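Residues per chain are reported as follows:
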Amino acid sequence: SSVTVCLKAISALEVASEHSIVCAIQIVQQGAIPVIYRVLGQCNRSITSQELQKHAVRTLANLCNPSTYASRFLADVWTGVDCVACLADTAVAASENPEVFEPIVKVLCTLLAADSRLQMIAKHAETQQKLKLAASTLERRQKRVLGNASTLNVKADGQKMIKRTGAAAERMAALVAKLKQ
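A brief look at the structure comes next.

Cut-off values and rules
Residues numbered from 1 in each chain as written. Predicted model: local features only at pLDDT ≥ 70, side-chain atom pairs only at ≥ 80, totals over all residues. Heavy atoms only, no water. Helix = DSSP H or I, 4+ residues; strand = E, 2+ residues; numbered from the N terminus. Buried < 20%, exposed > 50% of the residue type's maximum accessible area, 1.4 Å probe, protein only. Axes fitted to C-alpha atoms, helices over the stretch in contact; angles between N-to-C directions. Parallel < 35°, antiparallel > 145°, perpendicular 65-115°, else oblique. Left-handed = near helix turned anticlockwise from the far one by under 90°. Contact = heavy atoms within 4.5 Å. Nonpolar A, V, L, I, M, F, W, Y, C, P; charged D, E, K, R; others polar. Core = buried A, V, L, I, M, F, W, Y, C linked by side-chain atoms within 4.5 Å. Salt bridge = Lys/Arg side-chain N within 4 Å of Asp/Glu carboxyl O. Expected span 1.5 Å × (residues − 1). Arc of directions from axis to C-beta.

A short note on the overall build of the chain
When its secondary structure is counted, the chain shows 11 helices and zero strands. Burial analysis of the chain (181 residues in total) assigns 46% to the buried set.

Written out as structure tokens, the structure is:
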């Protein structure tokens, strides 16, 4: 099926973007980034869609990872206000899947670290609302995870998940707070 083909392709893009500057350049030059955003926008909550989302956002995170490519592709990953809205929508839809929302938070924080981009978002009420919804959704998830942890005997893996979810929720909250300034 076409979904299986997309899943294989986006998985290959994730691996290629993580390990090869030559491949990363080709991913950008061949126009894959707008396609990745389109795929994210068409995903639903199915398991296959979550797999697609995971590989898609990890590909974007790889491309804007400052330690890997020194932000070489940041301008390419930033396709305007719409990319932020798409990522925020995906974060809300995938709030139960840390493999999806954690890389989204990283990408959003990296993209919006520049004041000029943050100012662009500040002018778009709908995108601001989507970011706020993503932040509050992750915050509610964190509270639910903490509530469940207090009633259960949480092992080390659970503690690690609580910390990771908390860190993502805090980063999103800080990002939204910057918009209010």
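Moving on from the model shown.
Comments concerning the packing of helix 1 (residues 2-19) against helix 4 (residues 47-63)
The packing of two helices is summarised by the inter-axis angle and the distance between the axes. Two elements in contact, helix 1 and helix 4, have axes whose closest approach is 8 Å; the angle formed by their N-to-C orientations is 25 degrees. Accordingly, the angle class assigned to the pair helix 1 and helix 4 is roughly parallel. As helix 1 runs across helix 4, the sense of the crossing is left-handed. Mapping the contact onto sequence places Val3, Cys6, Leu7, Ile10, Ser11, Leu13, Glu14, Ser17 and Glu18 in helix 1 and Thr48, Glu51, Leu52, His55, Ala56, Arg58, Thr59, Asn62 and Leu63 in helix 4. Of the residues belonging to the contact of helix 1 with helix 4, the class tally is eight nonpolar, six polar and four charged.

Concerning the nonpolar core
Counting residues in each nonpolar core, the largest one holds 54 residues, and the members touching the most others are Tyr37, Leu87 and Leu131. Apart from residues lying up to four places away in sequence, Tyr37 is in contact with Leu60, Val77, Thr79, Cys83, Cys86, Leu87 and Leu111.

Looking at the pattern of salt bridges
Following the criterion strictly, the structure yields six salt bridges and no others. For Arg58, the salt bridge identified is with Glu14, shortest N-O distance 3.6 Å. Linking Arg58 in helix 4 with Glu14 in helix 1, this pair joins segments that are 44 residues apart in sequence. A salt bridge links Lys130 to Glu126, with the nearest nitrogen and oxygen atoms 3.6 Å apart. Here Glu126 and Lys130 lie together in helix 10 (residues 125-151), a separation of four residues that amounts to about one turn. Among the ionic contacts, a cluster of salt bridges with common partners joins Glu14, Arg58 and Glu99.

Considerations on helix 4
Across its 17 residues, helix 4 extends 25 Å between first and last C-alpha, which sits within 8% of the 24 Å expected from 1.5 Å per residue. With 12 of its 17 residues buried, helix 4 lies for the most part within the structure.

Notes on the environment of Lys180
Tracing the chain through its elements places Lys180 in helix 11 (residues 156-180). Relative accessible area serves as the criterion here: at 63%, Lys180 is assigned to the exposed category. For the pair Lys180 and Gln128, spaced 52 residues apart in the sequence, the C-alpha separation amounts to 9.6 Å.

Quick word on helix 9 (residues 115-122)
Turning to helix 9, its buried residues number three or more, namely Arg117, Leu118 and Ile121. Buried residues of helix 9, seen end-on, are gathered within an arc of 100 degrees and therefore sit on one face of the element. Within helix 9, the exposed residues directed more than 90 degrees away from the buried face are Asp115 and Gln119.

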